[in-house]
Amino acid sequence: MSQPLDTLIIGAGTAGLAALREVRKRTDRYLIVNEGPWGTTCARVGCMPSKALIEAANAFHRRHAFETFGLRGAEGLTADIAAVLQRVRALRDQFVAGALQATDTLGAARMAGRATVLGPNAVDIDGTPYATRSIIIATGSRPRVPDEWLAFGDRILTTDTLFEQPTLGPRVAVIGMGVIGVEIAQALARLGIEVAAFTTSPHLAGLKDPTLNAELAALLKEEMLLHTGAPAELREVPGGIEVSSGPNRVVVDQVIAAMGRVPNIEHLGLETLGVPLDKRGMPAVNPQTQQIGDLPVFLAGDANTHAPLLHEAADEGHIAGINAMACALTPAAAPAAAPAAIPTPPTPTRFQRRTPLAIVFCDPQVAMVGKRLADLDSAHTVTGTVRFTNQGRARAAQRNRGALHVYADRATGRLQGAEMCAPAAEHLAHLLALAVQQKLTVHDLLGMPFYHPVLEEGLRTALRDAARQLADAANAPESDLASCPALGVPALE
Ligand SMILES: Cc1cc2nc3c(=O)[nH]c(=O)nc-3n(C[C@H](O)[C@H](O)[C@H](O)COP(=O)(O)OP(=O)(O)OC[C@H]3O[C@@H](n4cnc5c(N)ncnc54)[C@H](O)[C@@H]3O)c2cc1C
């Protein structure tokens, strides 16, 4: 091995690219290596193509409201699935091209190949060992598919292959109704594909609040067959694949495995690091530094399973990049003339993580902010509720479905979190995430401006409901506008 690198980044997804940005500010003695296609999971097969598909599905589904609006002719509309998928791929290609720009000009610092860790200061890339002062592991995750399902060949789809299909259906089973399963199952159903969904977990789209979960289940059942509880089993039958779960059976043309994702950590050589690994083979990772133990090794993004979301992967890559360089460029580790362009702290910095925020792009959207109901002590928590059935703006738009729950500390009124299955939840959730991170109380929020007529007035209804239940509700001050009550007129709320 020649002169060691300052860092070696394994994986050029969102986390690896975020790390790369920090590393390049501080050194030119680095390598980034990626196995398989470049362009990131998000842009290639994840967030972006799935959202492009969902937009087409929701646009087509909107036709069911046309008669109510007084718009005629909806029955003449058809979904050309092949054309829908073609648009998804065209957009996907543009998103991927953008992501590729981050690594296209790196020259010899960019390598294609499989990396394996040989120890805290060495990595093998396709048979060639590299010495390095630090390592950033950002290897992401992949869809989980039971081995025995591989016998069904290309009729078993995952999000890695779904968007590549020339067309889909007409009968599809979706197995697993977590975040990805719910998004894809509803999108396909809305495009006119016959969808049967199966899930062992009662929690759809990751919702832990039982009332909201039941609400989502009821809404999804209007659009597809949904079976929860027993595991799904597959069997070849004349005319297709039979999917059975308890007493329920359907025959389909394709099966989408949406049973979660597996971190890409096996065969990565983590056992050479000399730290304890759990039964999945995962070392403990400090979520504030991304460091493994006190090694110069950092594990970021989906690969560590902490919060497999894009903004978290980007944050973790950023943290890992800064901290890997802190290890590499300490006076003890670095050569005398280390090309540190900007000052780097000598030890890993502990970063304060953002308020948890997760959004599921079904309709109504699902979102979770801060603490979930299941994380909170019910004796010290109040839940403020709004149902959107009667909310003025939601009714005007024919989108009056779903509900939102805000959770606040009973004694202090401080907002703890929220869960919702609600129209435009992506926006309501951001507003609430800002409030939770700013440590605002229900009272603080009720003192903020609310325009009319907007969906945020629904959020205000939930906040007022929470305010009435707070320990000091009887002594609510009248000296500011936070105690301004509802008018009791649905059209004005
Ligand atoms: C269908 C779908 C929809 C999603 N929607 C959303 C959404 O709406 N919002 C959201 O926030 N998140 C969403 N996500 C999650 C988001 O895409 C991920 O959290 C994010 O892409 C993870 O980035 P990463 O850098 O950790 O991994 P990746 O982008 O997967 O990058 C890891 C890279 O490492 C490479 N690699 C693996 N092993 C090795 C090795 N040994 N040597 C070299 N290279 C290796 C891989 O090939 C890959 O290129 C979605 C995911 C999917 C699948």
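Keep in mind that what you see is a predicted model, and the values were worked out from it rather than measured. (Residues numbered from 1 in each chain as written. Predicted model: local features only at pLDDT ≥ 70, side-chain atom pairs only at ≥ 80, totals over all residues. Heavy atoms only, no water.)

## Some points on the overall build of the chain
How we decide: The way it works is that DSSP assigns letters per residue, a run of H or I at least four long becomes a helix, a run of E at least two long becomes a strand, and they are numbered from the N terminus. In this setup the radius of gyration rests on C-alpha atoms only. A globule is expected at 2.2 Å times the number of residues raised to 0.38. Here's how the labels work: a residue is buried when its accessible area is under 20% of the maximum for its type, exposed when over 50%, partly exposed in between, all with a 1.4 Å probe on protein chains only. We call two residues contacting when some pair of their heavy atoms lies within 4.5 Å.
Check the secondary structure of the chain and you find 12 helices and 23 strands. Relative to the 2.2 N^0.38 estimate, which gives 23 Å for 493 residues, the radius of gyration of the chain is 25 Å and therefore close to what a compact globule would have. Residue burial in the chain is summarised as follows: out of 493 residues, 50% are buried. Relative to all contacts within the chain whose residues are 6 or more apart in sequence, the contacts with residues 24 or more apart total 66%.

## Observations concerning the sheet that holds strand β19 (residues 357-360)
Note the threshold: Pairing between two strands is assigned when DSSP locates at least 2 bridges connecting them. To define axes, lines are fitted to C-alpha atoms, for helices over the stretch in contact only, and angles between the resulting N-to-C directions are given on a 0 to 180 degree scale.
As summarised here, the arrangement of the five strands in space is β19-β20-β23-β22-β21, forming an open sheet in which the pairing is antiparallel. Since the sheet does not close on itself, it has two edges, and those belong to β19 and β21 (381-387), each with one partner. Averaged over all adjacent pairs, the angle separating strand axes in this sheet is 10°, with direction ignored. Here strand β22 (residues 403-409) runs beside strand β23 (residues 415-422); their pairing, made up of six bridges, is antiparallel. Counterpart to L404 in the pairing with β23 is M420. The strands touched by helix α12 (residues 456-469) are β21, β22 and β23; relative to β21, the strand with the most contacts, the crossing angle is about 145°.

## Things to note about the packing of aromatic side chains
The cut-off we apply is this: Any pair of Phe, Tyr and Trp rings, taking the six-membered ring for Trp, is counted once the centres come within 6.5 Å. Such a pair is stacked with planes under 30 degrees apart, edge-to-face with planes over 60 apart, and tilted for the rest. The rule for a charge over a ring is simple: NZ of Lys or CZ of Arg within 6 Å of the ring centre, and within 35 degrees of the ring normal.
The tally for this structure, following the rule as stated, stands at zero aromatic pairs. The aromatic ring of F60 is capped on one face by R63, whose charged end is 3.6 Å from the ring centroid. Sitting above the plane of the W38 ring, R110 keeps its charged end 3.9 Å from the centroid.

## Quick word on the pairing of strand β13 (residues 233-237)
For β13 and strand β14 (residues 240-245), the ladder comprises five bridges, and the chain directions are antiparallel. Following the sheet pairing, E236 is matched in β14 by I241. Hairpin geometry of β13 and β14 is characterised by an intervening segment of two residues between the two adjacent antiparallel strands and by a positive phi of about 90° at G239.

## Examining the domain arrangement of the chain
For clarity, the threshold we go by: Domain limits in this description derive from either an automatic procedure or a database domain assignment.
You can read the domains of the chain as domain 1 (7-38 + 103-142 + 263-329), domain 2 (147-259) and domain 3 (357-492). Between domain 1 and domain 3, the C-alpha centre-to-centre distance is 39 Å.

## Comments concerning the layout of surface pockets
Selection criterion: Put plainly, a pocket is an open set of points on a 1 Å grid over the protein atoms alone with protein on both sides within 12 Å along at least five of seven lines, a cavity is a set where a 1.4 Å probe fits but cannot get out, and a lining residue has an atom within 4 Å of a point. Grid points are joined across faces, edges and corners, and a volume is the space filled by probe spheres set on the points. The classification used treats Ala, Val, Leu, Ile, Met, Phe, Trp, Tyr, Cys and Pro as nonpolar, Asp, Glu, Lys and Arg as charged, and all other residues, Gly among them, as polar.
Within this model, the second largest pocket holds a volume of roughly 730 Å³. Together, 28 residues line the second largest pocket, and N58, R62, R190, D363 and R399 are the ones closest to its centre. Looking at the lining of the second largest pocket, the elements that each hand over two or more residues are α3 (47-61) and α9 (392-396). Of the residues forming the lining of the second largest pocket, the biggest block, six residues, is contributed by α3. Class assignment of the residues belonging to the lining of the second largest pocket gives a composition of 11 nonpolar, six polar and 11 charged. The two domains that each donate at least three residues to the lining of the second largest pocket are domain 2 (147-259) and domain 3 (357-492).

## A word on the site of the ligand
Our working rule: By convention in these notes, a residue is near a molecule or strand provided one of its non-hydrogen atoms lies within 4 Å of it. Pairs of N or O atoms within 3.5 Å make up the polar contacts considered here, provided that, within protein, one atom can donate a hydrogen while the other can accept it, and that residues adjacent in sequence are counted only when both atoms are side-chain atoms. For every accessible area listed, the method is Shrake-Rupley and the probe measures 1.4 Å; residues are considered covered only by the protein chains on display.
As a structural note, the neighbourhood of the ligand is formed by 34 residues, with N34, E35, T41, K51 and D302 the closest of them. Contacts to the ligand include T41, whose side-chain N or O atom sits 2.5 Å from an oxygen atom. Measuring from an oxygen atom of the ligand, one finds a side-chain N or O atom of K51 at 2.7 Å. Relative to its unbound accessible surface of 1,000 Å², the ligand loses 91% to contact with the protein. Elements represented by at least two residues in the shell around the ligand include exactly α1 (14-26), β2 (30-34), α2 (41-45), α3 and α8 (310-328). Its residues assigned to classes, the shell around the ligand shows 17 nonpolar, 12 polar and five charged.

## Considerations on the sheet that holds strand β10 (residues 171-175)
Pairing is parallel in the open sheet, where five strands are placed in the order β9-β16-β10-β11-β12. Each end of this open sheet is capped by a strand with a single partner; those strands are β9 (156-157) and β12 (225-228). Pairing of β10 with strand β11 (residues 194-199), which is carried by five bridges, proceeds in the parallel orientation. Of the residues in β11, the one forming a bridge with I175 is F198.

## A word on the environment of T167
For T167, the location among the structural elements is in the loop between β9 and β10. Through-space distance from the C-alpha of T167 to that of V84 is 8.8 Å; in sequence the pair is 83 residues apart. Aside from chain neighbours lying at most four places away, what touches T167 is I81, A82, L85 and Q254.

## So, the packing of α3 against helix α5 (residues 81-104)
Worth spelling out the cut-off: Two helices crossing with the near one rotated counterclockwise from the far one by less than a right angle form a left-handed crossing, whereas a clockwise rotation gives a right-handed crossing.
Direction vectors running N to C along α3 and α5 enclose 145°, while the axes themselves pass 9 Å from each other. α3 and α5 meet at a crossing whose hand is right-handed. Contact residues: α3 offers M48, P49, A52, L53 and A56, while α5 offers V84, L85, R87, V88, L91, R92 and F95. A breakdown of the residues in the contact of α3 with α5 according to their chemical character gives 10 nonpolar, no polar and two charged.

## Here's the deal with the pattern of salt bridges
Operational definition: Take a side-chain nitrogen of Lys or Arg and a carboxyl oxygen of Asp or Glu: if they are within 4 Å of each other, that pair is a salt bridge.
One pass over the full model with this rule turns up 25 salt bridges. Of the charged contacts in the structure, one is a salt bridge between E35 and R114, with a shortest N-O distance of 2.8 Å. With E35 in the loop between β2 and α2 and R114 in the loop between β3 (110-112) and β4 (115-119), this residue pair connects regions lying 79 residues apart in the sequence. Here E222 makes a salt bridge to R401, at a shortest N to O gap of 3.0 Å. On the criterion of sequence distance, the pair formed by E222 in the loop between α7 (210-221) and β12 and R401 in the loop between α9 and β22 is long-range, its members being 179 residues apart. Given the relative accessible area of 55%, E222 is considered exposed. Three or more residues are tied together by salt bridges with common partners; here these are E457, R460, R464 and E493.

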